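# Examining the three-dimensional arrangement
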Amino acid sequence: MMKLKLTPTQNLCVGYLESGFELIQQDDQYFFIKGQRRQKVLPKTLNALVSRGALAHTEQGDYKLSDEFIEHRKRMQSPSKTKPTHH
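Residues numbered from 1 in each chain as written. Predicted model: local features only at pLDDT ≥ 70, side-chain atom pairs only at ≥ 80, totals over all residues. Heavy atoms only, no water.

### Considerations on the sheet that holds strand β3 (residues 37–41)
The following threshold applies: For two strands to pair, DSSP has to find at least two bridges joining them. Each helix is a run of H or I in the DSSP string that is no shorter than four residues. Each strand is a run of E no shorter than two, and both are numbered from the N terminus. A fitted line through C-alpha atoms represents every axis, and for helices the fit uses only the stretch in contact; the resulting angles, taken between N-to-C directions, go from 0 to 180 degrees. By definition in these notes, contact holds between two residues if any of their heavy atoms fall within 4.5 Å.
An order of β1-β2-β3 is seen for the 3 strands of this open sheet, with the pairing classed as antiparallel. Because the sheet does not close on itself, it has two edges, and the strands there are β1 (22–26) and β3. Strand after strand, the sheet turns through a mean of 30° between neighbouring axes, direction not considered. As paired strands, β1 and strand β2 (residues 29–34) are joined by 5 bridges and run antiparallel to one another. Within the sheet, the bridge partner assigned to E22 lies in β2 and is I33. Sitting on the sheet, helix α2 (residues 43–51) is in contact with β1, β2 and β3, with an inclination near 75° to β3.

Structure below.
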């Protein structure tokens, strides 16, 4: 069971990826890009997400949401009878 305590910034990054933003690198900077929108992200934030298991670093050098994280998100979003969810 993975414990994911993400900072607001890290949650924002995950949100970008979940909503279809692409993560690109230009020189030594990283950006989330979708259409005309562009949001800078710090490498240390990406590294923190990797170390927490939320992001996976592919062999091509790309970052993507890890399978474990996607499963974790599905569990968090699916209504379960064991844990009450507060909205």
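### Structural notes on the nonpolar core
A general feature of soluble globular proteins is that nonpolar side chains tend to end up buried together. So the rule is basically this: The nonpolar core is taken to be a set of buried Ala, Val, Leu, Ile, Met, Phe, Trp, Tyr and Cys residues, with the residues joined through side-chain atoms within 4.5 Å. Using a 1.4 Å probe on the protein chains alone, a residue whose accessible area is under 20% of its type maximum counts as buried, one over 50% counts as exposed, and one in between counts as partly exposed.
With 18 residues, the main nonpolar core has L23, F32, V41, L46, L49, L55 and F69 as its most contacted residues. Among the secondary structure elements, those contributing two or more residues to this core are α1 (8–18), β2, α2 and β5 (63–65). Considering every element that reaches this core, the biggest residue donor is α1, with 4 residues. Aside from chain neighbours lying at most four places away, what touches F32 is C13, Y16, L17, F21, E22, L23, R37, R38, Q39 and V41.

### Examining α2
Going by this rule: Directions are taken from the helix axis to each C-beta atom, and the arc is the one they span.
Within α2, the full set of buried residues consists of T45, L46, A48 and L49. Projection of α2 onto a plane perpendicular to its axis shows the buried side chains occupying an angular sector of 160°, all on one side. Exposed residues on α2 whose side chains face more than 90 degrees from its buried face are K44 and S51. Looking at the buried side of α2, the elements it contacts are α1, β1, β2, β3, β4 (55–57) and β5. Once α2 ends, the next one or two residues include G53, with phi positive near 85°.

### Focus: the environment of L65
Topologically, L65 is positioned in strand β5. A C-alpha to C-alpha distance of 7.2 Å links L65 and L17, two positions 48 residues apart in sequence. Excluding anything up to four places from it in sequence, L65 contacts V14, L17, E18, A54, L55, A56 and I70.

### Observations concerning the packing of aromatic side chains
The condition that has to hold: Working definition: rings of Phe, Tyr and Trp (its six-membered ring) pair if their centres are within 6.5 Å, and the pair is stacked with planes under 30 degrees apart, edge-to-face with planes over 60 apart, and tilted otherwise.
This model, assessed by the stated rule, comprises 3 aromatic pairs. Look at Y16 and F32: their rings are 5.1 Å apart centre to centre, the planes differ by 25°, and that puts the pair in the stacked class. Here Y16, found in helix α1, pairs with F32, found in strand β2; they are 16 residues apart in sequence, far enough to count as distant. The burial state of Y16 is the same as that of F32; both residues are buried. Geometrically, the ring pair formed by Y30 and Y63 is edge-to-face, given 5.8 Å between the ring centres and 80° between the ring planes.

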